[in-house]
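So the chains spell out like this:
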Amino acid sequence: MNTYNNPVLERLPRHLNRYVVEQNYARYSAIDQAIWRYVMRQNYAYLKDVAYYPYIPGLKIAGLSIERIPDLQLMNDSLKKIGWGAVTVDGFIPPAAFMEFQANCVLVIAADIRQIDHITYTPAPDIIHESSGHAPIIGEPEYADYLQYFGEIGSKAMSSAKDFEVYEAIRNLSILKESEEATEDEIKAASQHLDDVVASVGEPSEMSLLSRLHWWTVEYGLIGTVDNYKIFGAGLLSSIGESATCLKDDVKKLPYSMDAINYAYDITKPQPQLFVAKDFHEAYRVLDEFASGMAFKKGGKLGVDRAIESANVCTALYSSGLEVSGTFVPFVSEEELIGVKTQGPTALAYQGKQLEGHGKSYHKDGFSSPVGRLLGQKNALEDCNSKELEQLGISLNQPASLYFKSGILVRGLVKDLLFKDNKLLIITFEDCTVIHEPSNQVLFQPEWGNYDMAIGDEIVSVYAGAADKFAFEPEVKITDLKTEKATISAETSVLQEIYSSLRSIREDKPAKETLYDLYEKLKNCYADDWLAMIEIYELSIHYDFTELSSFVEDVLYKKIETHPELEKLINDGMHLAKTQPINLELS
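Residues numbered from 1 in each chain as written. Predicted model: local features only at pLDDT ≥ 70, side-chain atom pairs only at ≥ 80, totals over all residues. Heavy atoms only, no water.

The chain has the name Aromatic amino acid hydroxylase in an unreviewed UniProt entry, where Sphingobacterium kyonggiense is given as its organism. The record in UniProt for the chain states the following under Cofactor (unreviewed entry): "Fe(2+)". (UniProt positions renumbered as here; feature names shortened; annotations may be inferred.)

Below, the structure written as C-alpha cells:
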C-alpha cells in the first residue's frame, strides 16, 4: 500500500490494506477534471455563505484546489500536518472498515468521480464527495476529534449477519446508478432487491443504528438551530444540488437527538429531513448516550449474545484483562453468562497485544472457558497471587479441582500459570476434563490436548473485531462487485480532446480562431454537451472575445429551452463566468 510518506498511513492495521486501491491519477479524463472544476467553482461561490465557517480555508488545509482533482500525495502532504491521512478505495466499503479507518485518522476517498449526468448529486461515493466534503472540515479541531471518536465507537459496533447483505445491495445499486451502461431494468431490479433485503433485516444491529447517527451528522448534518444553521455534512457540502435544496422549507429540520436512530436513510436519494446539532458538544453527547448501551460498554450476557448474533469475529474482554478474539457461538444454555465459546481460529491477547503461543494457529479449532467465581471463594481468582493459589490447591505440576458457582467442574494437572501486571489470566491444564454438572454436559476431554482456562469474574466488554488486529488479521467478506468505467468511444475521445484543449487555453492566452474552432466543433458535433460550452463562455468573457461570448450565450439559452433540467446548471455556470475570475485561488 502506498503510504505517501505519511506516518498516519504507515501505522494503519495491515488488514485494512485490502480495501485500498491505487489512485492512478492518469485515469482521470479531461471531462472528469472539468466536472471537478465546475462543482468546486460552484461550491467556492455558494458554500462560503451556507457552510460551517472553516470550509473554505479548510480546502487549502486539506491540499485541495479548485482547478484539479486532488492528488493523494498532495493531500497527504497537507493532512499529515494535522495528524490525518487519506487513501483511495473502490466505492463503498463495509461500514466497520470505514469506521476503523476513521478511528485511525484516515479519510477514505472513493477513487472514481461522478458522471456529468450526476454532477449535482451522485448515488455512489466519489472523489468529490469524499475529498471536498469530508477533508475541508478536518482542519477544525472539534470536528476532527468528533470524527475520530465516532470511528473509535463505530469500530467496536456489532454488525448483524444481515448487514453485509444490505451493504452489498446498496453497493450494487449505487454502482448501477452511476454506470453509463446500466439499463433501466437493471436499476429497477437492483432497487427492488435492496428493498427486499432491507425488509428482511429485522431488528437493526448496533452498526446499523450507529450508521444512522453518522449519516445525520458526518454525512448530512447541520449545525446551529432549526431556524439558523450552517451545513457541515459531507454529503451536502459535495452536492451542488442538495446543498441548495436542503435549505428549502420542504426539507424538514429537526433538532439532533437520539431520536435520529429511528430515521433510516436511502443513500441513492436526496434526504426528506435533516437534523441540526446545536454544536459538536451536542453531537458528542448523543454519541455517548448511544454508546452507553453498546456491547463494548455493557459486556456480560448482552454483549456475548450480540457477538453470537453477529456471526463475525468479535472480542470478549474478561475482568482480568484477558481478551478472547474469535467467532462466538453458544456455550451452555443458561439465563446467566457462565462461559464463552468460539469456533474456528481464535486468539488470546492482553492490552491489545496477542499473547505468545496463543494465536490463531494454536487455537485453530476454537476456544471455550468458564466465566465467574469459584464456589465459596470470596476473592476473585484473577487477583490471587501464587501463595493464595496454593491455598486453593492450585500449584504447578500438581492436580487441581476447581468448582465454579455456575456448576462447572474443571479437573486436571496444572502446567502453567500466566500472570500479567499481577493479574492471573490463564491456567493451563494437562489431562483435563471440564463438565457442566447441572446438565451433565462434557465441555472438554483429556484427549483434546491441553486446556487453557481463561480467568475472570465477568466479561466487562464485547466488541467487533480482534483485540490485536495486526496479529489476527480477521478474515472478512469483500464484495466481488467492482466499479468500472465504460470503454471510451471514438466520439467521446474527440470530446475529451476538446476539454483538454480548453484546459490548455486557460493556462495560455489562445488565438481567437482556436476558441472559435472549438465552439463550432462543439455546436455541430456535440449538441448535448453543455459543460465545455460553459468553459468556452468563461474564456470568451475572460479574453474579451465579445462576439464569441454572445454566440455561446445564445447556444446555452437554446439548450435550456430543449433541456429544461439543465437550466440551473447552465445559469449557475454562466453567472460564475461573469462574476468570478477564471482561475479561482483559495484564500
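(A) Structural view of the overall build of the chain. A count of helices and strands for the chain gives 22 helices and 18 strands. Of all intrachain contacts in the chain linking residues separated by at least 6 positions in sequence, the fraction that spans at least 24 positions is 68%. By element, 48% of the accessible surface of the chain is carried by carbon and sulfur atoms, the whole surface being about 25900 Å². (Helix = DSSP H or I, 4+ residues; strand = E, 2+ residues; numbered from the N terminus. Contact = heavy atoms within 4.5 Å. Areas by Shrake-Rupley, 256 points an atom, 1.4 Å probe, with all protein chains shown as cover.)

(B) Highlighting unusual backbone geometry. Notably, Asn5 is not glycine yet its phi reads approximately 55 degrees, a positive angle. Position of Asn5 among the secondary structure elements: in the segment before α1 (7-10). Despite not being glycine, Cys105 has its phi angle at roughly 60 degrees, a positive value. Position of Cys105 relative to the elements: it lies in the loop between α5 (95-103) and β3 (106-110).

(C) Up close: the sheet that holds strand β6 (residues 252-255). Read across the open sheet, the 4 strands follow the order β5-β4-β7-β6; overall the sheet is mixed. The sheet is open, and its two borders are formed by β5 (229-231) and β6, each paired with just one other strand. Each neighbouring strand pair of the sheet contributes to a mean axis angle of 35 degrees, computed without reference to strand direction. Pairing of strand β4 (residues 222-224) with strand β7 (residues 273-277), which is carried by 2 bridges, proceeds in the parallel orientation. Bridge pairing in β7 places Ile223 opposite Ala277. (Pairing = 2+ DSSP bridges. Axes fitted to C-alpha atoms, helices over the stretch in contact; angles between N-to-C directions.)

(D) The pairing of strand β16 (residues 441-444), seen in detail. In this structure, strand β15 (residues 423-436) lies alongside β16, joined through 3 bridges in antiparallel fashion. Residue pairing in the sheet places Val434 in a bridge with Phe444 of β16.

(E) Quick look at the sheet that holds strand β1 (residues 20-21). With respect to topology, 3 strands assemble into an open sheet ordered β1-β2-β3, the strand pairing being mixed. Where the open sheet ends on each side, the last strands, each with one partner, are β1 and β3. Note: β1 against strand β2 (residues 85-89), 2 bridges, orientation antiparallel. Bridging from a neighbouring strand, Val20 pairs with Val89 of β2. Running at roughly 135 degrees to β3, α5 makes contact with β1, β2 and β3 of the sheet.

(F) Structural detail: the packing of aromatic side chains. Applying the stated criterion across every chain, the model contains 20 aromatic pairs. Ring geometry for Tyr149 against Tyr284: centres 5.4 Å apart, planes inclined by 25 degrees, an arrangement best described as stacked. Taken together, the residues span a long stretch of sequence, with Tyr149 in helix α7 (residues 141-154) and Tyr284 in helix α13 (residues 280-291) at a distance of 135 residues. For the cation-ring pair, Lys156 lies above Tyr463, with the distance from its terminal atom to the ring centre recorded as 4.4 Å. Its guanidinium or amino end placed over the ring of Phe472, Lys360 lies 5.0 Å from that ring's centre, counting from NZ or CZ. (Phe/Tyr/Trp six-rings, centres within 6.5 Å; stacked < 30°, edge-to-face > 60°. Lys NZ or Arg CZ within 6 Å of the ring centre and 35° of its normal.)

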